[in-house]
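Chain by chain, the residues run as shown.
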Amino acid sequence: QAKANGRNSIRLFSRELEEHKRDYFRMVSDLQGAMERSEFQLHYQPKLDLQSGEVLGLEALFRWQHESRGNVPPSRVIPVAEESGLIIPLGEWVLEAACAQLARWRSQFNRPALTVAVNVSLRQLSSGALVDTVRHFLASACLPSDALEIEITETCAASDPEQAARILRVLRNMGVRISLDDFGTGYASLSYLRQLPIDTVKLDRSFISNVHKNARDRAIVAATAQIARQFNINVVAEGIEDPRQIAPLLELGIQCGQGFYFSKPLPAEKIPELLD
Ligand code: C2E
Ligand code: MG
Ligand code: MG
Ligand code: MG
């Protein structure tokens, strides 16, 4: 009896595995097709000065609208792109599009200090080509290096922190800004703060959503802000959805934020009204 059950569950397991593999390969081939047909888009979410409301920069976020899959979120696309290696051409496309777009906005709205932030994942960071890619697309857009911010997550630095630190240092010496995204959610946040050349930490949404209601969350935000100050690192609060979150953040010395309260990520054509 037990033996028969065991065999069934093995069969079930391998069928699921087959399905999973089939889904994966279909997704990879759809992604490849989408890349050839240029079906990708970037949306942009503003980063603001919490006091003045001024837009300081824009984070580029990848969007894929597929004819039958509909809107496929980055949380589904990026892991498949990473595993298949498609993240390399996809990441190049994102960098090129974001740099070109920023250059247009800078001149169109006479905003020479406006920045763009691009998310970079592990495979991109460890590919060895990132530095040249960044240099190339900055030059083609005639942008200075400090127009670009690279956002990495802690998991991104985890597998080989030495190698990650080396590449980030080269980028930073060029003048590119480095942000540590989703800060506080990894298991070694503080040690990355010490090892990596970081300009900005983006404090994860999970610490921000109740900052006006919860003393523990406020304590974490305060401690992060204090360490960051001593390291000369900026702090950005992610995921501000409620105006009541702003006062406690300012009290704790956090000047910059992003979130649905200010603006959802928007297609490029909607950004001019934010900049005007
Ligand atoms: P992230 O870099 O931390 O980006 C912030 C995510 O939180 C975005 O989700 C954004 O839409 C969402 N968000 C912003 N404000 C709020 C808010 O107030 N409330 C809530 N609930 N959510 C908010 P999105 O666009 O789905 O992206 C998810 C993640 O996918 C990003 O997290 C980033 O890690 C990754 N990603 C997006 N685009 C790219 C890309 O071009 N390359 C790479 N490697 N990763 C990307
Ligand atoms: Mg980000
Ligand atoms: Mg984030
Ligand atoms: Mg995130």
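Since the structure is predicted, the reported quantities are computational estimates derived from the model, not experimental observations.

## Section: the overall build of the chain
Alright, step 1. Summing up its helical and strand segments, the chain has twelve helices and ten strands in all.
Alright, step 2. A compact globule built from 276 residues would reach a C-alpha radius of gyration of about 19 Å, and the chain, at 21 Å, matches this within 12%.
Alright, step 3. Projected onto its principal axes, the C-alpha coordinates of the chain cover approximately 70 × 45 × 35 Å.
Alright, step 4. A buried classification covers 47% of the 276 residues belonging to the chain.
Alright, step 5. Residue pairs at least 24 apart in sequence account for 68% of intrachain contacts in the chain once pairs closer than 6 positions are excluded.
Alright, step 6. In the form shown here, the chain has an accessible surface area of approximately 14400 Å², with 49% of it arising from carbon and sulfur atoms.
Alright, step 7. Of the charged side chains in the chain, 31 are positive and 34 negative; the average position of the first set lies 5 Å away from that of the second.

## Some details on the packing of aromatic side chains
Alright, step 1. With the rule as written, the count across this model stands at six aromatic pairs.
Alright, step 2. Considering the side-chain rings of tyrosine 24 and phenylalanine 25, the 5.2 Å spacing of their centres and the 70° angle between planes classify their relative orientation as edge-to-face.
Alright, step 3. Under the relative-accessibility criterion, tyrosine 24 is labelled buried at 17%.
Alright, step 4. Plain terms: the ring middles of phenylalanine 40 and tryptophan 93 are 5.9 Å apart, the flat faces sit at 65° to each other, and that makes the pair edge-to-face.

## Let's talk about the coordination of the magnesium ion (ligand 3)
Put simply, a metal with four donors set out as a tetrahedron has ideal angles of 109.5 degrees, and one with six donors set out as an octahedron has ideal angles of 90 or 180 degrees.
Alright, step 1. Protein-derived coordination of the magnesium ion (ligand 3) comes from Asp181 (OD), Asp182 (OD) and Glu238 (OE), at a distance range of 1.7 to 2.2 Å.
Alright, step 2. Along the chain, the residues that donate to the magnesium ion (ligand 3) are spaced as D-D-x55-E.
Alright, step 3. Overall, aspartate 182 belongs to the partly exposed group, its relative accessible area being 25%.

## Things to note about the confidence of the model for the chain
Alright, step 1. Taken residue by residue, the chain gives an average pLDDT of 93. The fraction at 70 or more is 97%.
Alright, step 2. On the interface metric, ipTM, the complex scores 0.98, and its pTM is 0.94.

## Considerations on helix α5 (residues 130-140)
Alright, step 1. Taken residue by residue, α5 has Leu130, Val131, Thr133, Val134, Phe137 and Leu138 as its buried positions. Buried residues of α5, viewed axially, fall in a sector of 165°; they line one side. The exposed residues of α5 that point more than 90 degrees off its buried face are Ala139 and Ser140.
Alright, step 2. Buried-residue contacts for α5 involve α3 (87-108), α4 (122-125), β5 (148-153) and α7 (161-174).

## A closer look at the pattern of salt bridges
Alright, step 1. Summed over the entire model, instances satisfying the criterion amount to eleven salt bridges.
Alright, step 2. The closest approach of N and O atoms between glutamate 149 and lysine 47, which form a salt bridge, is 3.1 Å. Placement of the pair is glutamate 149 in strand β5 and lysine 47 in strand β1 (residues 40-49), with a sequence separation of 102 residues.
Alright, step 3. The salt bridge partner of lysine 202 is glutamate 151, with a shortest N-O separation of 2.8 Å. With lysine 202 in strand β7 (residues 200-203) and glutamate 151 in strand β5, this pair connects stretches of sequence that are 51 residues apart. Of the two residues, lysine 202 and glutamate 151, neither departs from the other in class, the shared state being buried.

What counts as what
- Residues numbered from 1 in each chain as written.
- Chains lettered and ligands numbered in written order.
- Predicted model: local features only at pLDDT ≥ 70, side-chain atom pairs only at ≥ 80, totals over all residues.
- Heavy atoms only, no water.
- Helix = DSSP H or I, 4+ residues; strand = E, 2+ residues; numbered from the N terminus.
- Rg over C-alpha atoms; globule rule 2.2 N^0.38 Å.
- Buried < 20%, exposed > 50% of the residue type's maximum accessible area, 1.4 Å probe, protein only.
- Contact = heavy atoms within 4.5 Å.
- Areas by Shrake-Rupley, 256 points an atom, 1.4 Å probe, with all protein chains shown as cover.
- Lys, Arg positive; Asp, Glu negative; His and termini not counted.
- Charge placed at Lys NZ, Arg CZ, Asp CG, Glu CD.
- Phe/Tyr/Trp six-rings, centres within 6.5 Å; stacked < 30°, edge-to-face > 60°.
- Donors = N, O, S within 2.8 Å, 3.2 Å for Na, K, Ca; no water.
- pLDDT = per-residue confidence, 0-100.
- Arc of directions from axis to C-beta.
- Salt bridge = Lys/Arg side-chain N within 4 Å of Asp/Glu carboxyl O.

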